[in-house]
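# Structural characterization, general
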Amino acid sequence: MNTGASRTWRTLEEYAGTPEFQDLVEREFPSLLPETHSPASRRQFLKVMGASVALAGMAGCRWPQETIVPFASRPKGLTPGVPQHFATAMDLSGAARPLIATSYDGRPVKLEGNPEHPASLGGADLLSQAAILGLYDPERSRHPILRDGGGTGSSRTVEDFLQEARAHFRTLGASGGQGLRVLSEASSSQTLARMKREFLHAFPKAVWHEYDPLSRDAEREGTRTAFGTPYRPHYSMDAAEVIVSLGADLLGSHPESVRNARDFASRRRAADGTMNRLYVTESRFTITGGQADHRLPVTEARIASLAWAVANGVFSSGEVSIPAAASALRDRLGSVHVADSEAKVVAGMVRDLLAHRGHGMVAAGPGQGADVHALAHLLNVALGNAGGPVTYTADPDPDRETHVASIGSLATAAASGQVETLVILGGNPAYDAPADHRFADALTRVPHAIHLSLYDDETSRACRWHLPRTHFLESWDDAATWDGTASVVQPLIAPLYGGWTPAELIAFLATGESARGHDLVRQTWRDASEGDAAFDQHWRRVLHDGFAADRRRESMVPSVTGGSWDAVKSPDTAPGIGMEVVFAGDACLHDGRFANNGWLQELPDPSTKLTWGNAALIAPSDAGGLRTGDVVRLSRGGRSMEIPAMILPGQAKGSVAVALGYGRTRGGQVAEGVGADGYAFRTSDLQGYASGVLMEKTGRRAKLAVTQEHHILDDTTQGRGEAARLPTLYRQGTLSEFRHDPAFARHMDHHPPLKSLWKEHSFDGHLWGMSIDLTACNGCSACVVACQAENNIPVVGPREVANGREMHWLRVDRYFTGDPDDPEVGHLPVPCQQCENAPCEQVCPVAATTHTEEGLNDMVYNRCIGTRYCLNNCPYKVRRYNWFHNTKDQEGVRQMANNPEVTVRTRGVMEKCTYCVQRITAVRIQAKNDGRPITDGEITPACAQTCPAKAIVFGDLSDPDSRVQSLREDGRSYVLLEELNIRPRTSYLARLRNPGDGQSAASGDHGHQDHRG
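Conventions we followed
Residues numbered from 1 in each chain as written. Predicted model: local features only at pLDDT ≥ 70, side-chain atom pairs only at ≥ 80, totals over all residues. Heavy atoms only, no water. Helix = DSSP H or I, 4+ residues; strand = E, 2+ residues; numbered from the N terminus. Buried < 20%, exposed > 50% of the residue type's maximum accessible area, 1.4 Å probe, protein only. Areas by Shrake-Rupley, 256 points an atom, 1.4 Å probe, with all protein chains shown as cover. Salt bridge = Lys/Arg side-chain N within 4 Å of Asp/Glu carboxyl O. Axes fitted to C-alpha atoms, helices over the stretch in contact; angles between N-to-C directions. Parallel < 35°, antiparallel > 145°, perpendicular 65-115°, else oblique. Left-handed = near helix turned anticlockwise from the far one by under 90°. Contact = heavy atoms within 4.5 Å. Nonpolar A, V, L, I, M, F, W, Y, C, P; charged D, E, K, R; others polar. Polar contact = N/O pair within 3.5 Å; in protein donor to acceptor, adjacent residues only side chain to side chain. Core = buried A, V, L, I, M, F, W, Y, C linked by side-chain atoms within 4.5 Å. Pairing = 2+ DSSP bridges. Phe/Tyr/Trp six-rings, centres within 6.5 Å; stacked < 30°, edge-to-face > 60°. Lys NZ or Arg CZ within 6 Å of the ring centre and 35° of its normal.

### Observations regarding the overall build of the chain
Of the regular secondary structure elements, the chain holds 31 helices and 40 strands. Counting only residues that meet the buried cut, the chain has 61% of its 1013 residues in that class. For the chain, the exposed surface amounts to about 37,300 Å²; the carbon and sulfur share of it is 50%.

Listed below in C-alpha cells is the structure:
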C-alpha cells in the first residue's frame, strides 16, 4: 500500500523538492498573483474566447423542419421551458458516437451518451461532450466563398455556386467525369456511400479517394495479412482475464474506448471477487498505460521486438501450436532477444496468456506496423481468444486503398495536372496530409477545387470554392459505430448558417438537383428494409432509439491463412542513431479538427496536464540539461520543427512524443497560432513514429500553461520518515493487500481524536453525497468537460491558466508513484467536497456560501462581494474566482449556448461545484408532484452521467440501502484530509492494482497474486 516508503508525487519538482516547488507551496494560491499586465484588448479577448462562452427519460425523434417559425402555434409535444431529449450520433473518423441531446425550446445545450446503445451505455468521451460548443461557434463558415486566383476571396450566395456548379458538372458529365476526383474524410454514413455509388455511376471516369490522418490502416492491413481479407477486431475487456497491449490505447483513443472503459472497470472492482490483469508496453503515457498493472516504457520501435518475444514464448512453450499457415515464422521467432529489464514483464505476459487460454487478448496499437498486428491476431487465434474476448467483423470497405496511399496518389495526380476538378468533403488535407506529399502545393494546381467544411481553413484557402458545412446537430444523416451498429443522425436545430452535408452536396453534383438530407437518409433506410411493409413503424422506432439493434455486422472467427507470412519481417534490433519521434492524435483536439474549441484547448491533457498547446515529451533520463519550457529543434531527412520540451515521468528513454493537431494557421482565431505543427514533420512512410531524429536546444524558452502544480493540497510531507504527519491523499494498494486487510485505506489514517470548534449542523431528510472509485477512474477527463457544459463555466485563455486562474469546477489531479523513469500513475478527481463543517462558510462575511437543509454547500452569487476569504480557507482548493467578465456582452448565437437551468455568472463572484443542484431540484419537484419519494439513482450529476467507467456514484447518504452509502462503508473508502474534521460528503475508494509474478507493485509487494479471485 502507499506508505511513507512509497510516496506519491505530482511533478518532478515536487519529487526533487526544488526551491521553486517549495515557494509554490508556500505561496499556496497562484491565482492570487497580482496583475502585472495590462488589461486584454477586446480583440485579444475575442481571440481567446471565440465560441468558448459558457454552454451548457429516453429520446424522442426530431421533426424534419427546414426553417424556424415563431411559436404562434405551439408544436405538438413541446412545453416551453421543459427539456426534451433526442437521439443522434456524431461520426468521427469513420465511427459513430451514439448520443442523447438535451434541447430547450428547440435549442440543444447538452450531449450525453445514449444509455440504450451497446457502444456507450450512457457514457460519453470528452470529444462528444465538447461537440455542443462547435455548434455555436460564431467563427463557423456562414457563406460560400469564391477564390479566383487565391487570396482572401469574396462571399457569394448559394445561388452563385449552384449556377456555376450545374454548368461545370454538366460538362463533366459529357466526358464521363474525366479529370474529376473526390476526396472524402473517413465516414461511416451509409447514405453517403449510396450517394457515392450514384455519383460514380453518373461520372464513371471519376476517382474517389478517402483520407483520415489518424486512420487505423495498419490494424486493417494486419488482419489482411493474418486472414487474407481485412476485418475489424473487437475487444471484450470484461471477458478477458489477461490483457496484453502492444501500444494499444484501448481505453483512450480507440473508437470503442467508451465501451472498453466500462467493461474494463467492471472487472477491477474488488467487490466483484475477480480482477483481470493488464500489461502495457508503450512509449508515452496513455490512459490505458495509466491503468496497467505492469507497464513497460519502451520506444515505439522496440514494441515489435517485444511482440515477437511474446510469440516465441507462447509457441515454444509446447502448450500451443503455431497455425500451419504461419509455420514460416517458426524459426524466426526465436531470433529476437529482449533485455533483462524487459524479460520479466515478457515472461509474465507469456505465463498469464498460457494460463488463461481462451480468456485473454493481445492488441496492437495503430502506431505499429501491419506485421505486429498480424502477430497479435495470430496469438489470439492460437490461444483460443478469438471467438471469446476477441471477435471480428467484416471491414465495411475491404477493397479500398489505404488512406496514405490514396492521398498520395491524389497528390501526385494533382501535381502533374491530371486533376481538373476536385471535390473535398470535410477534412483538412492541406494541413494534415503527409509532409512529403506536399498536398497544399498540389492543390493549387487544381483549377476547380471545392471544399466543404465547417471552417474556412487551410484547405479552403487553396480551393476555388469554399462551402459551409452543417454541424451534425443540424443535419440529417446516418452513421455506424465501430462494430457496425447503424444509427441515425437527426438535427436538433435548423442550420444556423445554412450549408450542406456531404451526402447532400454529392447528390446535387450527381443530379443537378438539390435534395433534402431527411429524404436521402430515409430512402437509404427504406432500401435496406427491402420493401418491408412495416417500414414507417420501424423508422419511427429507429428515430426514437437512435439506432437499429438488428442492423449490425455479424461477429465471426476468421481462419489464419497462408501466403502472406513469408513477407512478415523480423523486427530491426540494430541500435539506431538519434532519438525517435512518436506521432499521436491529441487527447483533446483529435487530429486538429477541434482546435477552435476553447473547452478542449483549455482542458488539461489527461497525461501531461498541459493546456493551450503541445510539447515534445522527453524522458527524465534523456533530459540532460533540458528543462520544461526549453524550445528544441527536431530534425530528420531535411525536415525540422521547433517545439517546447516537457520532461515527463514515464516517457520511454530514447523516444520523444509529439501530439498532432496544433500549429493551425487558419480555421478560427482560437485555433490559430497555438502549439507546433507535427504534421509538417510527419511523412508518409513514418505515420506512427520516425527514427533517427536529432534533437537540439535552440536557446529559447516558452511558457507552458500546465495545471499540474496549481491548487496543490498540503500533502508534501507524506512519506518522509519521522517528518510524515499526513496520510497520503491518493491511496492505493494491491489486490493481495486488500484481501489481507479489506480496510487498508482507512487504516492509513493516523490522527488524534477529532474535535470540533463549531456547533455542527444537523440535517433531516436527504443527505446528498458522492463516492469516486479510483480503481475505475482512468483520468480521461470527460467529467470535466461535462461539468463545463452543464454549468456554464467560461474559458479564460492560456495566460490566465498559466497564472492558476482556470475556472474548472472539477479538476483531475495526477499522481506518480515510484521511479521517475518508470512510475505508476493515478488520477484523483477533486470537486467541491461539500463539507458538513465547511471552513469556507465560517469566514464569509456576507453568508454568500451557506448550507442547505440537505447539507449542500451552496453559493448565493448575488451576495458574493469577492473577498475570496472562502478560497483562502478551503483546504481542497476547489473554489474558483471569476476575475474577468468572461461572459460579458453575449449576443446572438452566444446567448443560445447557455444552459437555462444554471446562472450565468458575472465578474467578481466565487464559483464551485454544486453537485449539479439544478438536477437535484428538478427531480425533487417532479417527485413531489408525483407524490412519491426520490429513488436511488434517479439524480445523476453531469460528471457521473458521462463517466465511461462509472467511477462516480451519487446518492442519498440517509438511505441505508443507497449505493453511495454502501460504497462509503466499503473498506477501501476514505475521505480527503479527514484529520481536519470538516466532514466532507465526497468519499473515495482506494486504487487497487493486480501485479503478477516477477514484478511488484509500487507498494513493494513481491509475491504472486492470483487475479482470478
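### Quick notes on the pattern of salt bridges
Enumeration according to the criterion identifies 52 salt bridges in this entry. Linking D441 and R438 is a salt bridge whose minimum nitrogen-to-oxygen distance equals 2.5 Å. You can call D441 partly exposed: its relative accessible area is 39%. As a salt-bridge pair, R932 and D930 come within 3.3 Å of each other at their nearest N and O atoms. A residue is classified by how much of its surface remains accessible, and R932, at 31% relative accessible area, is partly exposed. Put simply, E185, D212, R469, D591 and R593 are held in one network by salt bridges that share partners.

### Description of the packing of helix α4 (residues 126-135) against helix α25 (residues 782-790)
Interaxial distance between α4 and α25 falls to 8 Å at its minimum, and their mutual angle equals 25°. It follows from the interaxial angle that α4 and α25 lie roughly parallel. Classified by chirality, the crossing of α25 by α4 is left-handed. Counted together, L126, Q129 and A130 of α4 and A782, V785, A786 and A789 of α25 form the full contact between these two elements. Across the contact of α4 with α25, the residue classes break down as 6 nonpolar, 1 polar and no charged.

### Re helix α7 (residues 217-227)
For α7, the buried fraction is high: 9 of the 11 residues fall into the buried class. For α7, the set of buried residues is D217, E219, R220, E221, G222, T223, T225, A226 and F227. Looking at the packing, one finds that the buried side of α7 touches β9 (231-235), α13 (370-382), β14 (390-394) and α14 (403-415). Immediately downstream of α7, the backbone of G228 shows phi near 90°, a positive value.

### Some words on the side chain of T286
Tracing the backbone through its elements, the reader meets T286 in the loop between β11 (277-282) and α9 (287-290). In this structure the side chain of T286 is engaged in a polar contact, spanning 2.6 Å, whose partner is the side chain of E282. Within polar-contact distance, the side chain of T286 engages the backbone nitrogen of G289 at 3.0 Å. Non-local contacts of T286, meaning those with residues more than four positions away in its chain, are made with D249 and S607.

### Observations concerning the side chain of N597
Inspection of the secondary structure assignment puts N597 in the loop between β21 (579-585) and α21 (598-602). Residue class for N597 comes out buried when judged on its relative accessible area of 6%.

### Focus on the nonpolar core
One finds V314, F315, L329, L378, W565, L828 and Y876 to be the most contacted residues of the largest nonpolar core, which totals 167 residues. If one sorts the elements of this core by residue count, helix α10 (residues 303-315) sits on top with 10 residues. Not counting the four nearest positions on each side in its chain, L329 is found in contact with W308, I322, L375, L378, W565 and V568. Within the second largest apolar cluster, 28 residues are counted, among which are A206, W208, L425 and I506.

### Section: the sheet that holds strand β10 (residues 242-246)
Spatially, β12-β11-β10-β13 is the arrangement adopted by the 4 strands of the open sheet, whose pairing is parallel. Each edge of the open sheet is held by one strand with a lone partner, namely β12 (294-297) and β13 (360-364). Ignoring which end each strand starts from, the neighbouring axes of this sheet average 10° apart. Pairing between β10 and β11: 5 bridges, direction parallel. Across the sheet, I243 pairs through a bridge with L278, a residue of β11. Most of the contacts of α10 go to β11, to which it runs at about 140°, and overall it touches β10, β11 and β12.

### Things to note about the environment of A515
Among the structural elements, A515 can be located in the loop between α18 (502-511) and α19 (517-528). Take A515: its relative accessible area is 28%, and that puts it in the partly exposed class. Counting along the chain gives 10 residues from A515 to L505, while the straight-line C-alpha distance between them is 8.5 Å.

### Focus on the packing of helix α6 (residues 190-202) against α19
Two elements in contact, α6 and α19, have axes whose closest approach is 9 Å; the angle formed by their N-to-C orientations is 90°. In terms of orientation, α6 lies roughly perpendicular with respect to α19. Residues Q190, T191, R194 and M195 of α6 form the contact with α19, whose participating residues are L520, V521, Q523, T524 and D527. Partitioned by chemical class, the residues of the contact of α6 with α19 number 3 nonpolar, 4 polar and 2 charged.

### Overview of the packing of aromatic side chains
Applying the stated criterion to the full structure yields 20 aromatic pairs. An angle of 45° between the planes, with centres 6.5 Å apart, marks the rings of F161 and F508 as tilted. With F161 in helix α5 (residues 158-174) and F508 in helix α18, the pair connects residues that are 347 residues apart, well separated along the chain. Residue class for F161 comes out buried when judged on its relative accessible area of 1%. Considering the side-chain rings of Y881 and W883, the 5.0 Å spacing of their centres and the 90° angle between planes classify their relative orientation as edge-to-face. You can call Y881 buried: its relative accessible area is 12%. In this structure an aromatic cluster arises from ring pairing among F161, W465, W500 and F508. Between R232 and the ring centre of W482, over which it is positioned, the NZ or CZ distance is 3.8 Å.

### Topic: unusual backbone geometry
Of note in the backbone geometry, Y915 takes a positive phi value of approximately 60° without being a glycine. Assignment of secondary structure puts Y915 in the loop between β36 (910-911) and α29 (917-930). Positioned with a positive phi, R983 is a non-glycine residue whose angle comes to about 55°. When you line up the elements, R983 lands in the loop between β38 (973-974) and β39 (986-989). Note on R983: relative accessible area 35%, which makes it partly exposed.

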